[in-house]
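Observations on the three-dimensional arrangement
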Amino acid sequence: LGLTGTKEGCGEGECGACTVYLDGLPVNSCLIPIYQVRGRRVETVESLDPAALEPLRHAGATQCGACTPGVAMTACWIADHPELLRSHTIRELMSGNLCRCTGYDGIVDGVTAQLEAQA
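Below is a short write-up of the structure. (Residues numbered from 1 in each chain as written. Predicted model: local features only at pLDDT ≥ 70, side-chain atom pairs only at ≥ 80, totals over all residues. Heavy atoms only, no water.)

**Some remarks on the overall build of the protein**
Threshold: Secondary structure elements are taken from DSSP: a helix is a run of H or I of four residues or more, a strand is a run of E of two residues or more, and numbering for both begins at the N terminus. In this description the radius of gyration comes from C-alpha coordinates, and the expected globular size is given by 2.2 Å times residues to the power 0.38. To sort residues, take the accessible area from a 1.4 Å probe on protein chains only and compare it with the maximum for the residue type: under 20% means buried, over 50% means exposed, and anything in between is partly exposed.
If you tally the helices and strands in the protein, you get four helices and three strands. When its helices and strands are written in sequence order, the protein yields β-β-β-α-α-α-α. For 119 residues, the compact-globule estimate of 2.2 N^0.38 gives 14 Å, and the C-alpha radius of gyration of the protein, at 14 Å, lies within 12% of that figure. Dimensions of the protein, computed from the C-alpha atoms along their principal axes, are close to 40 × 30 × 25 Å. Counting every position in the protein, which comprises 119 residues, the buried fraction comes to 37%.

**A word on the nonpolar core**
Defined as follows: Side-chain atoms within 4.5 Å link the members of a nonpolar core, which is a set of buried Ala, Val, Leu, Ile, Met, Phe, Trp, Tyr and Cys residues. By definition in these notes, contact holds between two residues if any of their heavy atoms fall within 4.5 Å.
By size, the foremost hydrophobic cluster in this structure holds 22 residues, and its most contacted members are Tyr21, Leu48, Ile78, Ile90, Met94, Ile107 and Val111. Elements with a contribution of two residues or more to this core: α2 (68-80), α3 (90-93) and α4 (105-118). Considering each element in turn, this core owes the most residues, eight residues, to α2. Excluding its chain neighbours within four sequence positions, the residues that come into contact with leucine 48 are Tyr21, Leu53, Ala72, Met73 and Cys76.

**Some points on the side chain of threonine 19**
Operational definition: Polar contact criterion, stated in full: a pair of N or O atoms within 3.5 Å, where within protein one must be able to donate a hydrogen and the other to accept it, and residues adjacent in sequence count only if both atoms are side-chain atoms.
By secondary structure assignment, the location of threonine 19 is in strand β1 (residues 19-22). In terms of polar contacts, threonine 19 uses its side chain to reach the backbone carbonyl oxygen of glycine 16, at 2.6 Å. Those residues in contact with threonine 19, other than ones at most four positions away along the chain, are Pro26, Val27, Asn28, Gly70, Met73, Thr74 and Asn97.

**Some thoughts on the packing of α2 against α4**
What counts is decided by this rule: Angles run from 0 to 180 degrees between N-to-C directions of axes, and those axes are lines fitted to C-alpha atoms, restricted for helices to the stretch in contact. With respect to orientation, any angle under 35 degrees is reported as roughly parallel, any angle over 145 as roughly antiparallel, any angle of 65 to 115 as roughly perpendicular, and every other angle as oblique. Less than a right angle of anticlockwise turn of the near helix away from the far helix marks a crossing as left-handed, whereas a clockwise turn marks it as right-handed. Here the nonpolar group is Ala, Val, Leu, Ile, Met, Phe, Trp, Tyr, Cys and Pro; Asp, Glu, Lys and Arg are the charged ones; every other residue, Gly included, is treated as polar.
For the pair α2 and α4, the least separation of the axes is 10 Å and the interaxial angle reads 40°. Relative to α4, the element α2 is oriented oblique. Relative to α4, the crossing made by α2 is right-handed. Facing Val71, Ala75, Cys76, Ile78, Ala79 and Asp80 of α2, the residues of α4 in contact are Ile107, Val111, Gln114, Leu115 and Gln118. A breakdown of the residues in the contact of α2 with α4 according to their chemical character gives eight nonpolar, two polar and one charged.

**Re the packing of helix α1 (residues 50-58) against α4**
Two elements in contact, α1 and α4, have axes separated by 7 Å at closest approach and are oriented at 135°. Between α1 and α4, the angle falls in the class oblique. In this structure, α1 crosses over α4, and the sense of that crossing is right-handed. In contact with Ala52, Pro55 and Leu56 of α1, α4 contributes Ile107, Gly110, Val111, Ala113, Gln114 and Ala117. Of the residues in the contact of α1 with α4, the class split is seven nonpolar, two polar and no charged.

Geometric descriptors of this kind do not, in isolation, establish any biological role.
Listed below in structure tokens is the structure:
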């Protein structure tokens, strides 16, 4: 299909690099057998609005790129569901996405900036 944005990281559902939306919910694609997506809606990082990713980029949310697709997918999902922040922190919601470069402060700052840009 020419969609090369989604990355496999660990192949065990631990790192979140392969996050996609399945029927609107973020999932680790490495854990979903292909036969389970028949007739369902799958959205990859290519489906995201590039403008929505600017706050993440400016906040230094990603560096090397290995985790970027999964971080972007989860961050945009949080931005689309701000009501979740009544019962969870950004760090909790992003906990399924591992990053070895940023130390997570940039990611949290990027999601915060993304939410502020939408307000």
